[in-house]
Each structure stands twice: as structure tokens, then as C-alpha cells.
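Topology and contacts: notes
The chain contents come next:
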Amino acid sequence: MARSHFRMRYENIAGSLLFIAGVLAFMGIITAEALYPGYSTARNAISDLGATLPPDSIIVEPSATIFNTTMVVSGLLIIAAAYCIHSAFRRRGLTVFLSLFGTGVLGVGIFDGTYGDIHAIFALLAFLAGGLSAVASSGIQRAPLSYFSVALGGISLLDLVLYYIMLDASPFAVLGMGGLERWIAYPILLWVTGFGGYMMGHSQS
């Protein structure tokens, strides 16, 4: 009984943290886009909201502060959720992927586009570990969400791999760099929000 109560408590906390992180990231991106003059979801990368890549990096306020702060807070929430999920389930693979995902998101917020390659490394870590987290989470979910998690993670990873292999020949490239990147990032954020809701509900069942 003690173990059951312990697990339910950590599930509920993890679900709350992930749900907040998913909603916060979505709303932070949308708000930063709305306040960024001339921003294009097709031409601009998501991280341009924080700062464009060097040389001659462009920082537009208040979009930069909103985006970078959102990423830092979301990353910390995901890392905390990874700890809670590990405490509840002891699934090492999911814990590692989720921790790396949170670290990547945190790094994107701390090291904005002006940091060049360092920023790119954290962005790649967030995308790759986020997609793998979605797939790995299916092991602690019931159907049909387990199938949706694999699908969302698979879409993100497929887009990411095709871009690095095929570059502009990727079928996702027709959406522009911004659209292509959103097909990597948004499935992950949808999964984070849905998984968080599932964890909160499952902890009460």
C-alpha cells in the first residue's frame, strides 16, 4: 500500500510538471512569434525567437526574453519530471531520454542563437532525446496513448533523420526551414502535454 501511494504521488507530480511544461512551451512560442515583427513560421527557425545565428545575430525584444525564459523553465520542469518518473517506475531508458530532453530544452534557453554551434548542439539534443522519450514512454502507458506516443515520437525522429540525410531534398523541406523544424518540435510538445495529462489521470485510477 505504501509503495502504491508513493508511486501515485510521483506520477501525479510528474504529470503536472510535464503538462505545465508542454503548455508553457507552446504558449511561450506563440507569444514570442506574435511580438516579433515580420516573423515567418516557414522561413524562420523556432530558435530565431531567442536570437538568430551568428554572424550578425539579431535579437528582438520582448520576444527573445519570452522565448529564452520559457525554454529555461520548461527544461527545468522536464528534468524534475524525469526524476519523479524514475522514482515511480525505475525505467532507466525513459529516465535518461527524458533527462537529456530537458537538458536540451534548458540549454536552448541559456545558450541562445548567438552561441552558434553550442546552441545547435542543445537544440539537436532536445529534438533527438524528445523523440526518443516519446517512444520510450509507451512502455508505461496503456493503449491507445502508447500508440500515439510512438507515432508522435516517430514523426519527429523521421523528420529529423531525413533532414540530416537529405537536407533540402527531404519531403518536409517543402514547408520551409521553419515548418520543417516545427514538424520535429511540435509532435514532441503535443506528446509532453498529452503524457502529462495521462500521468495525472492515471495516478488517480
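Source: prediction; values computed, not measured. Here, residues in each chain are numbered from 1, in the same order as that chain's written sequence. For a predicted model such as this one, the threshold for reporting local features is a pLDDT of at least 70, and the threshold for listing and counting side-chain atom pairs is 80 or more; totals across whole chains, interfaces and linings nevertheless cover every residue. For the side-chain quantities, the full set of heavy atoms in the structure was used; hydrogens and water were omitted.

The next subject is the overall build of the chain. The way it works is that DSSP assigns letters per residue, a run of H or I at least four long becomes a helix, a run of E at least two long becomes a strand, and they are numbered from the N terminus. Along its length, the chain carries six helices and zero strands. Going from the N terminus to the C terminus, the chain shows its helices and strands as α-α-α-α-α-α. Throughout, the radius of gyration refers to the C-alpha atoms, and the reference size of a globule is 2.2 Å times the residue count to the power 0.38. Relative to a compact globule of 205 residues, whose C-alpha radius of gyration would be 17 Å, the chain shows 17 Å and is just as compact. If one aligns the C-alpha atoms of the chain with their principal axes, the spans along those axes are about 60 × 35 × 25 Å. Buried, partly exposed and exposed residues are distinguished by accessible area as a fraction of the type maximum, computed with a 1.4 Å probe on protein chains only: under 20%, between the cut-offs, and over 50%, respectively. In the chain, which comprises 205 residues, the share counted as buried stands at 48%. Residue contacts follow a heavy-atom distance rule, with two residues in contact if any of their heavy atoms lie within 4.5 Å. Within the chain, contacts between residues separated by at least 24 positions form 72% of all contacts whose residues are at least 6 apart in sequence. The Shrake-Rupley method, run with a 1.4 Å probe, gives the accessible areas here. Residue values count only the displayed protein chains as cover. Accessible surface for the chain amounts to roughly 9700 Å². Of this, 71% is attributable to carbon and sulfur atoms. For the purpose of charge, His is not counted, nor are the chain termini; Lys and Arg are scored as positive and Asp and Glu as negative. Every charge is mapped onto a representative atom, which is NZ of Lys, CZ of Arg, CG of Asp or CD of Glu. With 9 positive and 10 negative side-chain charges, the chain shows a separation of 25 Å between the mean positions of the two kinds.

A cluster of nonpolar side chains, contributed by Phe19, Val23, Met27 and Ile30, occupies part of the molecular surface with about 330 Å² of accessible area. Mapping Val23 onto the fold places it in helix 1 (residues 2–34). For patch detection, residues must exceed 30% relative accessible area and be free of salt bridges, and they are connected within 9 Å for like charges or within 5 Å for nonpolar side chains (Val, Leu, Ile, Met, Phe, Trp, Tyr). By definition, a salt bridge exists where a carboxyl oxygen of Asp or Glu is found within 4 Å of a side-chain nitrogen of Lys or Arg.

What follows concerns the environment of Ala151. Checked against the element boundaries, Ala151 lands in helix 5 (residues 145–166). For the pair Ala151 and Gly50, spaced 101 residues apart in sequence, the C-alpha separation works out to 29 Å.

As a further point, take the pattern of salt bridges. One pass over the structure, following the stated rule, counts two salt bridges. The salt bridge partner of Arg7 is Glu11, with a shortest N-O separation of 3.9 Å. Taken together, the residues Arg7 and Glu11, both in helix 1 and four residues apart, mark about one turn of the helix. Note that Arg182 is salt-bridged to Glu33, the shortest N-O span being 2.7 Å. Of this pair, Arg182 sits in helix 6 (residues 176–202) while Glu33 sits in helix 1; the two residues are 149 residues apart in sequence, bridging distant segments of the chain.

Another aspect to go through is the packing of aromatic side chains. Ring pairs shown here join Phe, Tyr and Trp side chains whose ring centres sit within 6.5 Å, with only the six-membered ring taken for Trp; geometry is labelled stacked below 30 degrees between planes, edge-to-face above 60, and tilted in between. Applying the stated rule across the entire model yields eight aromatic pairs. Residues Tyr36 and Tyr39 carry aromatic rings whose centres are separated by 5.2 Å and whose planes lie at 65° to one another, so their mutual orientation is edge-to-face. Taking the relative accessible area as the measure of exposure, Tyr36 reaches 10% and is therefore buried. Taking the relative accessible area as the measure of exposure, Tyr39 reaches 13% and is therefore buried.

Right, let's talk about the environment of Pro171 for a bit. Secondary-structure assignment places Pro171 in the loop between helix 5 and helix 6. Taking the relative accessible area as the measure of exposure, Pro171 reaches 52% and is therefore exposed. Spatially, the C-alpha atom of Pro171 lies 17 Å from that of Ala45, the residues being 126 residues apart in sequence. In contact with Pro171, not counting residues within four places along its chain, are Leu162 and Met166.

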